[in-house]
Amino acid sequence: MIHENEIIMLALGIAVFFFAMVNKTHLERTPGWKLLLFSYSIFLAGCVMTVFEDFFWPDVLNALEHLCYAVSTAALAVWCCKFSPGEKGERQ
């Protein structure tokens, strides 16, 4: 059974990804932008899998969805730790 919030999350996720690609030159100014984009891409893959699990291989796609969310969160945490200001407010 498809939930409306899953469709809305997927639509918003695709819109944000499209916006990021259109404004890639601005995104490239962000330190570690490739890791940040990787994290978001994996999150978006999880959103796709949560919608598709209602149609194909529910157990496999559910496991992959949660794996995507875990990898995305780990990548975002690495980005936050690596590119957050140091003790003196300087970038590490």
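Everything below is about the structure printed above this text.
Report on the accompanying structure. Each chain carries its own residue numbering, running from 1 in the direction its sequence is written. Side-chain atom pairs in this predicted model are given and counted only at pLDDT of 80 or more, local residue features only at pLDDT of at least 70, and totals for whole chains, interfaces and linings cover all residues. Think of the side-chain values as coming from all heavy atoms in the structure, minus any hydrogens and water.

1. Looking at the overall build of the chain
- To qualify as a helix, a DSSP run of H or I must reach at least 4 residues; to qualify as a strand, a run of E must reach at least 2; elements of each kind are numbered from the N terminus. A count of helical and extended segments in the chain gives 4 helices and 0 strands.
- Whereas a compact globule of 92 residues would reach a radius of gyration of roughly 12 Å, the chain reaches 16 Å, over 25% beyond that.
- Taken over the C-alpha atoms alone, the chain extends approximately 50 × 25 × 20 Å along its principal axes.
- Relative accessibility under 20% of the residue-type maximum defines a buried residue, over 50% an exposed one, and the middle range a partly exposed one, all with a 1.4 Å probe and only protein chains included. Out of the 92 residues in the chain, the part that is buried amounts to 24%.
- In the form shown here, the chain has an accessible surface area of approximately 6600 Å², with 71% of it arising from carbon and sulfur atoms.
- Positive charges come from Lys and Arg, negative ones from Asp and Glu, while His and the chain ends are left out of the count. Positions of charges follow a simple convention, taking NZ of Lys, CZ of Arg, CG of Asp or CD of Glu. Distance between charge centroids for the chain: 23 Å, based on 6 positive and 9 negative side chains. Between the two quantities, the radius of gyration covers C-alpha atoms and the globule rule is 2.2 Å times the number of residues to the power 0.38. The method behind every accessible area is Shrake-Rupley, applied with a 1.4 Å probe, and residues are considered shielded solely by the protein chains displayed.

2. So, a nonpolar patch on the surface
- Like-charged residues are merged into a patch within 9 Å and nonpolar side chains (Val, Leu, Ile, Met, Phe, Trp, Tyr) within 5 Å, provided each residue has over 30% relative accessible area and no salt bridge. The salt bridge criterion pairs a side-chain nitrogen of Lys or Arg with a carboxyl oxygen of Asp or Glu, the two atoms within 4 Å. A grouping of Ile-2, Ile-7, Phe-38, Phe-52, Phe-55, Phe-56, Trp-57, Val-60, Leu-64, Leu-67 and Val-71 is seen on the molecular surface, where their side chains present a nonpolar patch of about 1100 Å² in accessible area.
- Those elements that provide at least two residues to the nonpolar patch are helix H3 (33–52) and helix H4 (58–83).
- At 4 residues, H4 tops the list of elements feeding residues into the nonpolar patch.
- Mapped onto the elements of the fold, Phe-38 is located in helix H3.
- Given the relative accessible area of 39%, Phe-38 is considered partly exposed.

3. What about the packing of aromatic side chains?
- Under the pairing criterion, centres of Phe, Tyr and Trp rings, with the six-membered ring standing for Trp, must be within 6.5 Å; the plane angle then separates stacked pairs below 30 degrees from edge-to-face pairs above 60, leaving the rest tilted. One pass over the full model with this rule turns up 6 aromatic pairs.
- Ring pairing ties together the aromatic residues Phe-52, Phe-55, Phe-56 and Trp-57, which thus form one cluster.

4. A short note on the packing of helix H1 (residues 4–22) against H3
- Packing of H1 against H3 leaves a shortest axis separation of 9 Å and a crossing angle of 150°. The angle between H1 and H3 falls in the class roughly antiparallel. Along this stretch, H1 crosses H3, giving a crossing that reads as left-handed. Note on element contacts: H3 touches H1 through Leu-37, Tyr-40, Ser-41, Phe-43, Leu-44, Cys-47, Val-48, Thr-50 and Val-51, opposite Glu-6, Ile-7, Met-9, Leu-10, Leu-12, Gly-13, Ile-14, Val-16, Phe-17 and Met-21. Only the stretch in contact is used when fitting a helix axis, every axis being a line fitted to C-alpha atoms; angles between N-to-C directions are given from 0 to 180 degrees. In what follows, roughly perpendicular refers to angles from 65 to 115 degrees, roughly parallel to angles under 35, roughly antiparallel to angles over 145, and oblique to any angle outside these ranges. Two helices crossing with the near one rotated counterclockwise from the far one by less than a right angle form a left-handed crossing, whereas a clockwise rotation gives a right-handed crossing. Any pair of residues with heavy atoms lying within 4.5 Å of one another is described as a contacting pair.

5. What about the side chain of Glu-6?
- Position of Glu-6 relative to the elements: it lies in helix H1.
- Buried charge without a partner: Glu-6 forms no salt bridge, and the closest opposite charge is Lys-24, 30 Å away.

Purely geometric stuff here, so don't read any function into it on its own.
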